[in-house]
Amino acid sequence: MTASTRHPDPFLDGPTTLRVERHGAVARVTLDRPDVRNAFNDTVIAELTAVFEALGRDDSLRAIVLAAEGKAFCAGADLNWMKAMAGYSWDENHADAGRLAHMLWTLYSCPVPVIARVQGDVYAGGVGLVSVCDIVVATESAGFCLSEAKLGLLPATIGPYVVRALGEQASRRYFVTAERFSAAEAHRLGLVHEIVADAEALDAKVDALTVALLANGPAAVRACKRLVQDVAQAPITPELRDDTARRIADIRASAEGREGVQSFLSKGKPSWLA
């Protein structure tokens, strides 16, 4: 990767709970509250939302790495935040949960592929944060836990994303038991794509994945991400079949699609590899 440079968006110089850096066409967003195991509070949620909204508008960006400082990736809700919520009315709880739901949707729907670099434990809302990412790499020592039921709560706002990433049957178990499960089990179930031995191997794998993303057509990568989201839960109707035909026709007729095919046929390099 190239040397780190700050992104020109003025907001990205302002977060207090995150570090945001730019490495060429790759952005790195790091949760930076290691003293509280990178737990969520209202500030973290607001800053993640604003940062990913800004990054999603950057057409030159081709990958985002979501990382965390310290021993844990994300421990769920911050204890002080939970103490404040204990006195909330129903309306205040609903509004608060709505902000978390919006943050998760912002990351999930970000047009740029997001790689989660998971170096430590992931609990409760942290599992939701991992679930909205497109590619997940974790160290073998990382652990996962949907711990909400232990507190008399449920993983509601993260639920749609966790069920998609973890699978329905596994979610039926881990939602109700609140058991901790290993990175190996998360990998077996599909929540984690790659397991590595340590932090050095974690960085090497994340770098290799960003290199793989950068080798592909920028518009095609974004279109591929959107395609998966749109068809994963959809019945295969005549309308869906026509929609997919239109999508491939659109990209074949685009400048990037024409250049990519021509470069392949002529054994040359397209401009995004120049």
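Before any of the text, the structure's been laid out above.
Being a predicted model, the structure only gives us computed values, none of them experimental. (Residues numbered from 1 in each chain as written. Predicted model: local features only at pLDDT ≥ 70, side-chain atom pairs only at ≥ 80, totals over all residues. Heavy atoms only, no water.)

Caption draft 1: Quick peek at the state of the cysteines. For the structure shown, the criterion picks out 0 disulfides. With no disulfide of its own, Cys74 lies closest to Cys133 among cysteine sulfurs, the gap being 11 Å. Classification of Cys74 as buried rests on a relative accessible area of 0%. Among the cysteines around Cys133, which has no disulfide bond, Cys110 carries the closest sulfur, lying 9.9 Å off. Taking relative accessible area as the criterion, Cys133 reaches 9% and is therefore assigned buried. (Disulfide = S-S within 2.5 Å. Buried < 20%, exposed > 50% of the residue type's maximum accessible area, 1.4 Å probe, protein only.)

Caption draft 2: Representation of the nonpolar core in the model. Of all hydrophobic cores here, the largest spans 53 residues; its most connected members are Val29, Leu48, Phe52, Ile64, Leu66, Val118 and Phe144. The element that contributes the greatest number of residues to this core is helix α1 (residues 42-56), accounting for 6 residues. Look past the residues within four positions of Val118 in its chain and what remains in contact with it is Phe73, Val130, Val136, Val137, Ala138, Thr139, Ala142, Phe144 and Leu202. (Core = buried A, V, L, I, M, F, W, Y, C linked by side-chain atoms within 4.5 Å. Helix = DSSP H or I, 4+ residues; strand = E, 2+ residues; numbered from the N terminus. Contact = heavy atoms within 4.5 Å.)

Caption draft 3: Fine view of unusual backbone geometry. The backbone phi angle of Asn38 is positive, close to 55 degrees, even though this residue is not glycine. Among the secondary structure elements, Asn38 is positioned in the loop between β2 (26-31) and α1. Under the relative-accessibility criterion, Asn38 is labelled buried at 2%. One non-glycine residue, Ala124, adopts positive backbone phi at about 50 degrees. Counting through the fold element by element, Ala124 comes out in the loop between β6 (121-123) and α4 (125-131). Under the relative-accessibility criterion, Ala124 is labelled buried at 10%.

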